[in-house]
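Remarks on the overall topology
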Amino acid sequence: MSGTRIEKNRVELLSPAGDIERLKCALLYGADAVYLAGTRFGMRAGANNFTHEQLAEGVRLAHAAGARVYVTCNTIPRNGEIDALPEFLERTADAGADAFIIADIGVMRLAQQYAPGVHIHISTQAGVANYATATEFYNMGASRVVLARELCFEEIAELRAKTPPELEIEAFVHGSMCVSFSGRCLLSSYMTGRDANRGDCAQPCRWKYYLTEEKREGQKFEIFEDHGTHILNSRDMCMIDYIPRLIACGITSFKIEGRAKSAYYTAAVTNAYRQAIDGYYASPSPGYMPDGAISDELRKVSHREYSTGFYLGGEPGQVLSNGGYVREYKVAGMVEECGGGWLTLSQRNRFRVGDTLDVMPPREKPFLLKVTEMYDGENRPIEAAPHAMMTVRIPYDGTPVPRGSFVRIRE
């Protein structure tokens with residue numbers, strides 16, 4: 001273990017890492033901690049996840065950056081999986097993980113037995129919604145609870161006031177919302193055979209539904225009142241404008257959802273919240289709002305319509321008219337080198353002379369760069385960059401941009 005804990009009087013920024021590339025992006029763009037999964041027992045079977053060797057490498061990189069690594073072990077295992085848990089827990093501890101994220105009491109006891117030096121965080125899957133439950137998990141040995149997403153500010157503040165001060169409180173502040181309570185959903189399992197409680201959700205809540213009548217074969221009737229037919233499609237959560245209230249109600253760690261999302265998503269959302277949090281601590285006040293350019297970053301990633309979740313009371317509601325995402329930007333390239341009057345990119349999507357690129361340096365506001373001329377890897381002038389992974393050089397004499405920074409272009 002790294003031995004590092006939450007910095008006193010400062011909230012932790014916790015980012016998703018679906019694979020080693022996303023982990024590196026989270027660290028580069030300012031995460032204090034990352035959460036990830038091994039090849040078993042995690043709630044995102046669709047993500048690439050980490051082999052034992054990749055986990056050890058990820059821990060090494062995170063600890064070198066002063067960050068922590070939390071490993072999800074939050075499925076509800078069946079009898080046939082229990083015998084495999086001790087080895088998984090021991091090997092994860094040997095890799096240096098700082099905490100397990102656990103939903104099942106039996107798994108918790110096994111973790112205490114086979115990996116006693118690793119902290120235990122209680123998953124949101126456990127549905128911690130009151131101070132009595134949170135305190136009981138603390139008495140059982142948990143160092144942190146990840147709150148149910150259904151709580152409002154006032155309920156979180158009361159829970160914080162009535163639990164041991166040593167107990168850390170983690171809460172989601174950004175990302176996809178599940179239509180079921182704390183992710184406890186049987187819809188995917190029932191309709192597709194893919195069990196959401198074992199990390200394999202097919203997200204049927206995002207589908208468009210019709211009504212049929214048994215004697216009218218082939219006829220579909222839209223479920224349509226005022227808005228649309230995507231009746232279970234929850235809005236995404238975005239709490240970047242509420243940093244002071246999130247901190248004031250006692251949350252220890254701000255969690256970003258998205259282990260199955262892209263490296264760019266991880267980088268952009270981490271970058272926005274990093275700057276917003278740092279801006280608050282630089283000038284703390286109840287009325288603090290991040291710069292508009294920082295908030296706008298969250299509209300440059302693929303997302304559904306945003307809401308404040310349950311924090312303000314009530315429910316986030318659904319996007320009834322469609323099941324898709326808002327996508328206004330795409331990644332043009334990644335910075336490979338910067339210096340000597342040039343910005344060298346590895347191309348990801350086509351762009352050409354005359355386009356305006358949107359450069360996203362870590363922990364900094366983005367800036368626009370007009371492409372007046374460009375050259376390939378052999379220093380030959382070109383009009384367009386049509387090939388993925390090709391080297392592109394663009395004249396640039398501004399502030400240095402670190403290797404690994406994302407460069408975007410509007411769709």
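Check the entry above for the structure.
Conventions used here
Residues numbered from 1 in each chain as written. Predicted model: local features only at pLDDT ≥ 70, side-chain atom pairs only at ≥ 80, totals over all residues. Heavy atoms only, no water. Helix = DSSP H or I, 4+ residues; strand = E, 2+ residues; numbered from the N terminus. Contact = heavy atoms within 4.5 Å. Phe/Tyr/Trp six-rings, centres within 6.5 Å; stacked < 30°, edge-to-face > 60°. Buried < 20%, exposed > 50% of the residue type's maximum accessible area, 1.4 Å probe, protein only. Core = buried A, V, L, I, M, F, W, Y, C linked by side-chain atoms within 4.5 Å. Pairing = 2+ DSSP bridges. Polar contact = N/O pair within 3.5 Å; in protein donor to acceptor, adjacent residues only side chain to side chain. Salt bridge = Lys/Arg side-chain N within 4 Å of Asp/Glu carboxyl O. Right-handed = clockwise from strand over helix to strand, strands pointing away. Axes fitted to C-alpha atoms, helices over the stretch in contact; angles between N-to-C directions. Left-handed = near helix turned anticlockwise from the far one by under 90°. Nonpolar A, V, L, I, M, F, W, Y, C, P; charged D, E, K, R; others polar.

**Section: the overall build of the protein**
What the protein contains, in helices and strands, is eleven helices and 22 strands. Excluding contacts between residues fewer than 6 apart, the proportion of contacts in the protein whose partners are at least 24 apart in sequence is 69%.

**As for the packing of aromatic side chains**
Summed over all chains, the structure comprises eight aromatic pairs. Look at Tyr-264 and Phe-406: their rings are 5.5 Å apart centre to centre, the planes differ by 55°, and that puts the pair in the tilted class. Taken together, the positions of Tyr-264 in helix α10 (residues 263–282) and Phe-406 in strand β22 (residues 406–410) put the pair 142 residues apart, joining distant regions of the chain. Each member of the pair, Tyr-264 as well as Phe-406, carries the same accessibility label: buried.

**Things to note about the nonpolar core**
Among the nonpolar cores identified, the biggest contains 94 residues, and Tyr-273, Tyr-311 and Phe-406 are the most heavily contacted of them. At twelve residues, α10 tops the list of elements feeding residues into this core. Once residues lying within four places of it in the same chain are set aside, the contact partners of Tyr-311 are Leu-151, Cys-152, Phe-153, Ile-156, Ala-171, Phe-172, Val-173, Met-237, Met-239, Leu-246 and Ile-251. Ranked by size, the runner-up nonpolar core spans 19 residues in total, among them Val-371, Ile-382, Ala-385 and Val-392.

**Concerning the sheet that holds strand β17 (residues 367–370)**
With respect to topology, eight strands assemble into an open sheet ordered β17-β16-β22-β13-β14-β21-β18-β19, the strand pairing being antiparallel. Edge positions in the sheet fall to β17 and β19 (381–382), since each of these pairs with one other strand and no more. Relative to strand β21 (residues 391–395), strand β14 (residues 342–347) runs antiparallel, the two sharing five bridges. Each residue of the ladder has a partner; that of Leu-345, found in β21, is Val-392.

**A closer look at unusual backbone geometry**
With phi around 60°, Arg-363 is a residue other than glycine that occupies positive phi space. With respect to the helices, strands and loops of the structure, Arg-363 is situated in the loop between β16 (356–360) and β17. Of the residues examined, Arg-363 reaches a relative accessible area of 45% and is grouped as partly exposed. Positive phi is not limited to glycine here, since Asn-379 has a value of about 65°. Residue Asn-379 is classed as partly exposed on the basis of its relative accessible area, which comes to 44%.

**Re helix α1 (residues 20–28)**
One turn of the α-helix equals 3.6 residues, which is why residues spaced by three or four share an orientation. Turning to α1, its buried residues number three or more, namely Arg-22, Leu-23, Cys-25, Ala-26 and Leu-27. Looking at the buried positions of α1, the neighbouring elements they touch are β1 (12–16), β2 (33–37), α2 (52–64), α10 and β22. With a side-chain oxygen positioned 3.2 Å from the backbone nitrogen of Glu-21, the residue opening α1 is Asp-19. Two residues or fewer after α1 comes Gly-30, characterised by a positive phi angle close to 110°.

**Considerations on the environment of Pro-381**
Position of Pro-381 relative to the elements: it lies in strand β19. In the structure, Pro-381 is positioned twelve residues away from Arg-393 in sequence and 9.3 Å away in space, judged by C-alpha atoms. Those residues within four positions of Pro-381 in sequence are excluded, and the remaining contacts are Met-374 and Tyr-375.

**Here we look at the pattern of salt bridges**
Within the structure shown, the criterion is met by 22 salt bridges. For the salt bridge of Asp-278 with Arg-274, the shortest nitrogen-to-oxygen distance reads 3.1 Å. Placement of the pair is Asp-278 and Arg-274 together in helix α10, with a separation of four residues, close to one helical turn. Linked by salt bridges that have partners in common, Glu-12, Arg-68, Arg-144, Glu-168, Glu-170 and Lys-255 make up one network.

**Considering the pairing of β1**
Of all five residues that make up β1, five are buried, and the element is covered over most of its length. Neither face of β1 is open: one carries Glu-12, Leu-14 and Pro-16, the other Leu-13 and Ser-15, and all of them are buried. Sheet analysis places β1 next to strand β11 (residues 253–256), joined by three bridges and oriented parallel. In the sheet register, Leu-14 faces β11, and the bridge partner there is Lys-255. Each parallel crossover has a hand, and the one from β1 via α1 to β2 is right-handed.

**Some points on the packing of α2 against helix α4 (residues 85–95)**
Two elements in contact, α2 and α4, have axes separated by 9 Å at closest approach and are oriented at 35°. The two elements α2 and α4 cross, and the hand of that crossing is right-handed. From α2, His-52, Glu-53, Leu-55, Ala-56 and Val-59 reach across to α4, where they touch Arg-91, Thr-92 and Ala-95. Classifying every residue of the contact of α2 with α4 by side-chain character gives four nonpolar, two polar and two charged.

**Section: the pairing of β17**
Across four bridges, β16 lies against β17 in antiparallel orientation. Residue pairing across strands places Asp-358 opposite Leu-368, the latter belonging to β17. Counting the residues between successive antiparallel strands, the hairpin from β16 to β17 contains six residues, one of them, Arg-363, with a positive phi of roughly 60°.

Bear in mind that shape data such as this cannot, by itself, settle questions of function.
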